[in-house]
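# Architecture at a glance
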Amino acid sequence: MNEYRRKKKLPPMTMNTVMSAEALKHSENMAARRTSFGHNGFQHRIKRITPALNGVSGAAENVAMGSTTAKEVVSRWLKSPVHKQNIEGRYNHTGIGVAADRKGVLYFTQIFAAN
């Protein structure tokens, strides 16, 4: 993600462990079918992240499923205007989580935040 942002002359994002834990939990929940594929619970994830960042002024989330590599996921997101807007947004923190379901299908979550 930061490689792409650098090419666009955008500042890099810092990986945040609390955000990555939330992203992983969401990916695991989607993979286990505890929640549907999508952004259910996004506001709750941001509430849990906020204290770790001393406040959040903006946040977004990208999810994907079925891709086999992170590079493939990013390529697909960059072809989607909404996902690309998140990638190019004024965010300075990120967290990423990946989980597989019983059939090996991968679920990806990336959370973006600014403070």
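Higher on the page you've got the structure.
Below, the structure is looked at part by part.

Reading the values: rules and limits
Residues numbered from 1 in each chain as written. Predicted model: local features only at pLDDT ≥ 70, side-chain atom pairs only at ≥ 80, totals over all residues. Heavy atoms only, no water. Pairing = 2+ DSSP bridges. Helix = DSSP H or I, 4+ residues; strand = E, 2+ residues; numbered from the N terminus. Contact = heavy atoms within 4.5 Å. Axes fitted to C-alpha atoms, helices over the stretch in contact; angles between N-to-C directions. Salt bridge = Lys/Arg side-chain N within 4 Å of Asp/Glu carboxyl O.

### A look at the sheet that holds strand β4 (residues 106–114)
- Spatially, four strands are ordered β1-β3-β4-β2 in an open sheet, and the strand pairing comes out mixed. Edge positions in the sheet fall to β1 (14–15) and β2 (58–65), since each has one partner strand and no second.
- As judged from the eight bridges shared by strand β3 (residues 93–100) and β4, these two strands associate in the antiparallel manner. What sits directly across from Thr 94, in β4, is Phe 112.
- Running over the sheet, helix α3 (residues 42–49) touches β2 and β4 and is turned about 125° from β2.

### Quick look at the pattern of salt bridges
- One pass over the structure, following the stated rule, counts four salt bridges.
- Where Glu 22 meets Arg 48, a salt bridge forms, and the shortest distance between an N and an O atom there is 2.9 Å. Taken together, the residues Glu 22 in helix α2 (residues 17–31) and Arg 48 in helix α3 connect sequence positions 26 residues apart.
- Residue Asp 101 is joined to Arg 33 by a salt bridge in which the shortest nitrogen-to-oxygen separation is 3.4 Å.

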